[in-house]
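# Coordinate analysis (summary)
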Amino acid sequence: MGMTMTQKILAAHAGLEHVEAGQLIEAQLDLVLANDITAPVAIREFERSGAASVCCPDKICLVMDHFTPNKDIKAACQVKATRDFARAQHISHFYDVGKMGIEHALLPEQGLVGAGDCVIGADSHTCTYGALGAFSTGVGSTDMAAGMITQKCWFKVPSAIRILLHGSLPCFVTGKDLILHLIGLIGVDGALYRSLEFTGDGVASLSMDDRFTVCNMAIEAGAKNGIFPVDEKTLDYLSGRFRREATIYQADTDAEYERTIEIDLSRLAPTVAFPHLPENTRTQWDEIPIQQAVIGSCTNGRLSDLRQAAEILSGREVHRDVRCIIIPATQQIYLDALKEGLIETFLHAGAVVSTPTCGPCLGGHMGILADGERCVSTTNRNFVGRMGHVSSEIYLASPYTAAASAVAGRLITAKEI
Amino acid sequence: MSIHGTVHRYGNDVDTDVIIPARYLNTSRSEELAAHCMEDIDPSFPQRVNKGDVIVAGENFGCGSSREHAPLAIKACGVSLVIAKTFARIFYRNAINIGLAILECPQAAEEIKAGDVVSCDLDSGVIVDETTGKSYRAQPFPPFIRRIIEAGGLLNSLKQETGRNK
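Residues numbered from 1 in each chain as written. Chains lettered and ligands numbered in written order. Predicted model: local features only at pLDDT ≥ 70, side-chain atom pairs only at ≥ 80, totals over all residues.

## Quick word on the overall build of chain A
Threshold: Segments assigned H or I by DSSP are reported as helices when at least four residues long, segments assigned E as strands when at least two residues long, and all are numbered from the N terminus. We compute the radius of gyration from the C-alpha atoms alone; for a globule the expected value is 2.2 Å times N to the 0.38, where N is the number of residues. In this scheme the burial state of a residue depends on its C-beta neighbours within 10 Å: 20 or more other such atoms mean buried, 12 or fewer mean exposed, and anything in between means partly exposed; the C-beta positions come from the backbone. Two residues form a contact once the distance between their C-beta atoms, set from the backbone, is within 7 Å.
For chain A, the count of helices and strands is 13 helices and 18 strands. Since a compact globule built from 417 residues should have a radius of gyration of about 22 Å, the 20 Å found for chain A is in line with a globular shape. Oriented by its inertia axes, the alpha-carbon framework of chain A measures out at about 60 × 50 × 40 Å. Looking at chain A as a whole, 61% of its 417 residues qualify as buried. Of all intrachain contacts in chain A linking residues separated by at least 6 positions in sequence, the fraction that spans at least 24 positions is 77%.

Structure representation (structure tokens):
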């Protein structure tokens, strides 16, 4: 029996010719990641273990992106502890305010992850790098600590669901609508413990930013990882950026999949996940007034996301009852958006533009919701209380839909504006 | 390792944001996290829960973020075991790694009611609802996982194995 793309990467990193679903393996890690929320717990575990030093300082990445610029004294102390640890352990990939961006936009951009890699991160959205043809998955702080000590992690080899894509996306429909559609189809535990392997002739039509968005939310279907095949777009993206050599893995033609789901991209519509689960997806709804729109995050804070928002906001004004908060995911994206005039478009429209931060997505800072408020957001989770008050509501959508709704003051798609 | 406690019941898809809201993640001190555990879906839980109590829930318990603060908060509340139909993948790993006992047992998760008193022997995976007298069998963890839980987590167990803490 052949192997899936994920299984091949895991086999190679475990030094095995062949692995199969359910097998327990120990794999070498190309990169170990944590942020300002999860690193302090990992550092505490590292210190408790009695280890004197990390195994490979150059293969550890610490990104201070969640509650930064420090939102309060406790957050400042957590960042300080992480900064001190990075210095003491000679961890060069330590990204502080000024250099940092939202981790899952930053690492690909900086060429720290690439095709064929095996990566763990103490952040659930670490699955984003599957867009580059890497195996990457979220873990907790203890696994991260063990990863820093040994540069290894044990895994149960996952089985896979194949997502066969055909055609290309219509106007105003994006990778976000695709992944929301899929989560609506299979549910928030529809891919529990499994890989989501995207393939088919429709892959070529998806931009890298779309692929990042799709893999980013694989965890929202419970998946261990999401992964795309490597093609010319991937290699173009990695070229001049990825610091190591890309290794291209392909699924065997006789690889075993638990099921195959076919999606015709041309038939997708702008899709919104209603409160309080990402699986509550709809393409039609009644009047829903909103008070806030957030465009950003590791899901949708990349340059093409900002371009889509600007396309809608250009020459228009944010509704008087709406706060529109736009967050470029990295300093480079911010700079590119500035050069392209997108930031000016946002400011003229009455939106605010923030420095890179995860802030509002997880109810940290920079846009917390009051009781009963509704927010259309390009982020990834709409759980109870996720962005603020327990009675607030989050509607997950694409940048097109979020920007259009910000202008209309109610949930609408870009087609309707 | 045996467990005895009163049941607190929850539904499907209990996510890490309700187990411990991110607004409290500016600290990783267990006792501070425990004070806010479950507060967005069950505000009086931290006051009601007693040492040894058991959480019983539906499918996909612990979905969402990778925050280890979630199992840490549950453990620091005094909860000795979580029984669910299924667990989200990262929560499952994290619970073992920090030494919180968890068991997948769909029938027990379906039938055991809030307020029931249950006992459980982790070595055999046998769960007994002492209120109804009914017993259930979950797949027990293999010995190496039980050792991690008994040691209070992965790194404690590694330390014990290497004898570093002597």
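## Some words on the interface of chain A and chain B
Rules: Gly counts as polar in this scheme, as do all residues outside two lists: the nonpolar Ala, Val, Leu, Ile, Met, Phe, Trp, Tyr, Cys and Pro, and the charged Asp, Glu, Lys and Arg.
Listed as interface residues are 41 residues of chain A and, on the opposing side, 35 residues of chain B. Of all the secondary-structure elements, those providing two or more residues to the side of chain A that touches chain B are helix 2 (39–49), helix 3 (73–88) and helix 5 (141–150) of chain A. At six residues, helix 2 of chain A tops the list of elements feeding residues into the side of chain A that touches chain B. When grouped by side-chain class, the residues that make up the side of chain A that touches chain B number 17 nonpolar, 13 polar and eleven charged.

## Remarks on the confidence of the model for chain B
To keep things clear, this is the line we draw: On a scale of 0 to 100, pLDDT captures the predictor's confidence in every residue.
For chain B, mean pLDDT is 93; residues scoring 70 or higher make up 97% of the total. Reported confidences for the modelled complex are a pTM of 0.96 and an ipTM of 0.93.

## Description of helix 5 of chain A
Residues and elements named next belong to chain A. For helix 5, the tally of buried residues reaches nine of ten residues, placing the bulk of the element in the interior. Of all the positions in helix 5, only Ser-141, Thr-142, Asp-143, Met-144, Ala-145, Ala-146, Gly-147, Met-148 and Ile-149 are classed as buried. Just downstream of helix 5, Gln-151 is the residue with a positive phi angle, here 60 degrees.

## Structural notes on the environment of Gly184(A)
Residues and elements named next belong to chain A. Mapped onto the elements, Gly-184 comes out in helix 6 (residues 175–186). Between the C-alpha atom of Gly-184 and that of Val-272, which follows or precedes it by 88 residues, the distance is 9.7 Å. The residues contacting Gly-184, other than those within four sequence positions of it, are Thr-271, Glu-279 and Thr-281.

## Overview of the nonpolar core
In summary, soluble globular proteins display a tendency toward joint burial of nonpolar side chains. Stated precisely, the cut-off is as follows: Here, a nonpolar core denotes buried Ala, Val, Leu, Ile, Met, Phe, Trp, Tyr and Cys residues that are linked to one another through C-beta atoms within 7 Å. Segment limits for the domains were obtained from an automatic or database-derived domain assignment.
Of all hydrophobic cores here, the largest spans 205 residues; its most connected members are Ala73(B), Val82(B) and Ile83(B). Split by domain, the residues of this core number at least three in each of domain 1 (5–264) and domain 2 (273–416) of chain A. Apart from residues lying up to four places away in sequence, Val82(B) is in contact with Ile55(B), Ala57(B), Phe61(B), Ile74(B), Leu100(B) and Ile102(B).

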